[in-house]
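# Analysis of the macromolecular model
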Amino acid sequence: MGPIYYGPTGGYVIRFLSFTLFIVWSSVAVAQEPTTDVKADQQQRSTERSSSDVEAATLLSAAEVLFKEPKTRSDGQKKATAALRLVDRPGRTPDALLGRALHQAGNGAYFTNDIPRAETLWRRALTVREQSLGRDHPDVAKTLNNLAILYDQRDNFAKAIPLYQRQLELRRKRLGARHPDVADLLHTISTIFLKTNKFKRAQPLIEESLAIREATLGPEHPSVAESLTNLATLHDETGAYDRALPLYLKSLKIREKVLGRYHPAVARSLNNLGILYNRTGDYRSALTMFNRNLEIREREAGAQHPSVAKALVNISEVYSKLGDYASAINKVERSLTILEKALGK
């Protein structure tokens, strides 16, 4: 290729192009390298955020301590809310501190009975923790647990079950399949299945929970009695009374030995046995169990407690079946008096 001929004005064109390229290059260079003022502003924001994060972490640590005692939970709620205000700002990348603040603010809302806000905060905490920590992190399991309990307590089992099941999967990975904490979750899930009459789904979970608890806690632990009661209830509700009875009796024996004859758990066992005997027509045995249940309720909760009213109704039903109508009416009237007083009528 021959030499390029620029003509009479070629030198001016080259000088103009060179100057233009210099300006463009300079602009790019300036854009890539922040000015001193921009750097200073970024450093200031970073310092402010660092300071806010330290303050938020301190507030959250205090809130976690305050939440342990019912009388200080309102103070904990205030500190958790203040911490959340410090870290929940537009443009913040989801991180562990934001997840922690959302979780603890949810705790504060829950303890102060603001359930809709607790649900919203825990939902956000779950999303942030999954993004920042990973789906298998122990803190993710904590938020899953809180949400599941919230839904469980409000009989929203359709939402509670999947959350409990995810938490169960995480516990098995982290603790192993035979850990007592795994048994606790199996028991919780099986209890929901019992409440919703899903007995086929409940049974394998109850049996697995029972086996783990017997192996890890010993055959006379209160948690073993709890699993025995669930298994007995399953057989009771499906009409297998001959299977339910020895399980109820075994649970009662453990509870009386370990917890004492007047423990509320003993009362629950006695009530379960009374219902079973009543169903099978053994009214004398039912009356014995119901009267013992009543004695414990009166002793532990007081003679005017609603649980005493419920115990009196059960006794009244048995007296009615035995033909002792005067005693039946007496128990019903006493029950009504307690309930009217409790309801303020």
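Residues numbered from 1 in each chain as written. Predicted model: local features only at pLDDT ≥ 70, side-chain atom pairs only at ≥ 80, totals over all residues. Heavy atoms only, no water.

### Regarding the packing of aromatic side chains
For clarity, the cut-off: To pair, rings of Phe, Tyr and Trp, with the six-membered ring standing in for Trp, must have centres within 6.5 Å; the planes then decide the type, stacked if under 30 degrees apart, edge-to-face if over 60, and tilted in the middle. The secondary structure listing takes helices from DSSP runs of H or I that are at least 4 residues long and strands from runs of E that are at least 2 residues long, numbered from the N terminus. The rule is simple: take the accessible area with a 1.4 Å probe, protein chains only, and divide by the maximum for that residue type; under 20% is buried, over 50% is exposed, in between is partly exposed.
Enumeration over the complete set of coordinates arrives at three aromatic pairs. Seen from their ring centres, F67 and F111 are 5.3 Å apart, and the 50 degrees between their planes marks the pair as tilted. Separated by 44 residues along the polypeptide, F67 in the loop between α2 (36-66) and α3 (73-87) and F111 in helix α4 (residues 96-111) bring together distant segments of the chain. Accessibility expressed as a relative area gives 33% for F111, which makes it partly exposed. Between Y110 and F111 the ring centres are 5.9 Å apart and the planes differ by 70 degrees, which places this aromatic pair in the edge-to-face class. The rings of F67, Y110, F111 and W122 are connected pair by pair, giving a single aromatic cluster.

### Quick look at the nonpolar core
General note: in soluble globular proteins, nonpolar side chains tend to be found buried as a group. The criterion, for reference: Note on terminology: a nonpolar core comprises buried Ala, Val, Leu, Ile, Met, Phe, Trp, Tyr and Cys residues joined through side-chain atoms within 4.5 Å. Any pair of residues with heavy atoms lying within 4.5 Å of one another is described as a contacting pair.
Ranked by size, the top nonpolar core spans 80 residues in total, and within it L84, V87, L102, Y164 and I189 carry the most contacts. It is helix α8 (residues 180-195) that provides the largest number of residues to this core, a total of eight residues. Not counting the four nearest positions on each side in its chain, L84 is found in contact with L98, A101, L102, A105, R117 and L121.

### Considering α4
Applicable threshold: One less than the residue count of a helix, multiplied by 1.5 Å, gives the span that helix is expected to have.
Counted at 1.5 Å a residue, the expected span for α4 with its 16 residues is 22 Å, and the 23 Å between its end C-alpha atoms agrees. Most of α4 is tucked away: twelve of the 16 residues are buried. Considered for burial, the residues of α4 that qualify are L97, L98, G99, A101, L102, H103, Q104, A105, G106, N107, G108 and A109. N113 sits one or two positions beyond α4 and adopts a positive phi of about 65 degrees.

### What about the packing of helix α11 (residues 241-259) against helix α12 (residues 264-279)?
This is how the line gets drawn: Structural elements are reduced to axes, namely lines fitted to C-alpha atoms, with helices fitted over the stretch in contact, and the angle between N-to-C directions of any two is expressed from 0 to 180 degrees. For classification purposes, an angle smaller than 35 degrees is called roughly parallel, one larger than 145 roughly antiparallel, one from 65 to 115 roughly perpendicular, and anything else oblique. Should the near helix be turned anticlockwise from the far one by less than a right angle, the crossing is left-handed, and should it be turned clockwise, the crossing is right-handed. All amino acids are sorted into three groups, where Ala, Val, Leu, Ile, Met, Phe, Trp, Tyr, Cys and Pro are nonpolar, Asp, Glu, Lys and Arg are charged, and the leftover types, Gly among them, are polar.
Contact pair α11 / α12: the axes reach a minimum separation of 9 Å and the direction vectors enclose 160 degrees. It follows that α11 is roughly antiparallel to α12 by the angle criterion. Of the two elements, α11 crosses α12, and the hand of that crossing is left-handed. Facing α11, whose interface residues are Y241, A244, L245, Y248, L249, S251, L252, R255, E256 and L259, α12 presents A265, V266, S269, L270, N272, L273, L276, Y277 and R279. The class makeup of the residues in the contact of α11 with α12 is 13 nonpolar, three polar and three charged.

### What about the pattern of salt bridges?
Threshold: Salt bridge criterion: a side-chain nitrogen from Lys or Arg within 4 Å of a carboxyl oxygen from Asp or Glu.
Enumeration over the complete set of coordinates arrives at 20 salt bridges. K173 is paired through a salt bridge with E169; the nearest N and O atoms lie 3.7 Å apart. With K173 and E169 both in helix α7 (residues 157-175) and four residues apart, this pair spans about one turn of that helix. Overlapping salt bridges bring together D53, R92 and D95 as one network.

None of this, on its own, says anything about what the molecule does.
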